[in-house]
Amino acid sequence: DLHTDYMENMEWVKGISTEIFTQDILIVAGDVAEKLETFEKTMALLKERFRHVFFVPGNHDLWCRDSTDKNVKEKFSSCILHKYLHVQSNEFLKKI
């Protein structure tokens, strides 16, 4: 859980090296942020620091409070899937 809605957690993410982990894979196991703007910023920062970022949504991510969508499925789809995730096949995973 990153919970980057808390400033100290966002500062920790910003403090991750932009050089050391460029060939690494990061698995983010949910609860990045409750606000869409913070989620976007956090994911952008992580993508700058790691070769690949895999994300599994947590309950806080599905709330996506800044979204105008009506249900969790719509929120997840518009806030997260279309903007940030690239679904990869098993063939892709074999290459990395």
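Everything below is about the structure printed above this text.
As the structure is a computational prediction, the values presented were derived from the model and not from experiment.

J.: Talk me through the packing of helix H1 (residues 7–14) against helix H2 (residues 36–49); I want residue IDs and the actual numbers.
T.: Remark: H1 packs on H2, axes separated minimally by 10 Å, with the N-to-C direction vectors making an angle of 20°. In terms of orientation, H1 lies roughly parallel with respect to H2. In the packing of H1 onto H2, the handedness of the crossing is left-handed. Along its contact with H1, which presents Met10, Val13 and Lys14, the element H2 presents Thr38, Lys41, Thr42, Leu45, Leu46 and Arg49. For the contact of H1 with H2, a count of residues per class yields four nonpolar, two polar and three charged.

J.: Could you give an account of the pattern of salt bridges, with specific residues and numbers?
T.: Pairing of side chains with opposite charge becomes possible as their charged atoms draw close. For the coordinates displayed, the defined rule picks out two salt bridges. In this structure, Glu11 engages Lys14 in a salt bridge whose closest nitrogen and oxygen atoms are separated by 3.6 Å. Taken as a pair, Glu11 and Lys14 lie in helix H1 at a separation of three residues, close to a single helical turn. Classification of Glu11 by relative accessible area gives partly exposed; the value is 40%. Exposure remark for Lys14: the relative accessible area of 33% places this residue in the partly exposed category. Where Arg49 meets Glu48, a salt bridge forms, and the shortest distance between an N and an O atom there is 3.2 Å.

Cut-offs and rules
Here, residues in each chain are numbered from 1, in the same order as that chain's written sequence. For this predicted model, a pLDDT threshold of at least 70 governs which residues receive local features, and a threshold of 80 or more governs which side-chain atom pairs are given and counted, while totals over whole chains, interfaces and linings are taken from all residues. Heavy atoms from the whole structure form the basis of all side-chain values; hydrogens and water molecules are not counted. For helices, the fitted line uses only the C-alpha atoms of the stretch in contact; every axis is such a line through C-alpha atoms, and the angle between N-to-C directions lies from 0 to 180 degrees. Numbering of helices and strands starts at the N terminus; helices are DSSP runs of H or I of at least 4 residues and strands are runs of E of at least 2. Here roughly perpendicular refers to angles of 65 to 115 degrees, roughly parallel to angles under 35, roughly antiparallel to angles over 145, and oblique to all remaining angles. If you view the pair so one helix is near and one far, a crossing is left-handed when the near helix is turned anticlockwise from the far one by less than a right angle, and right-handed when it is turned clockwise. Pairs of residues are marked as contacts when any of their non-hydrogen atoms sit within 4.5 Å. Just so you know the grouping, Ala, Val, Leu, Ile, Met, Phe, Trp, Tyr, Cys and Pro go in nonpolar, Asp, Glu, Lys and Arg go in charged, and all remaining residues, Gly too, go in polar. What makes a salt bridge here is a side-chain nitrogen of Lys or Arg within 4 Å of a carboxyl oxygen of Asp or Glu, nothing more. Under the scheme applied here, a residue whose accessible area is under 20% of the maximum for its type counts as buried, over 50% as exposed, and between as partly exposed, the area being computed with a 1.4 Å probe on protein chains only.

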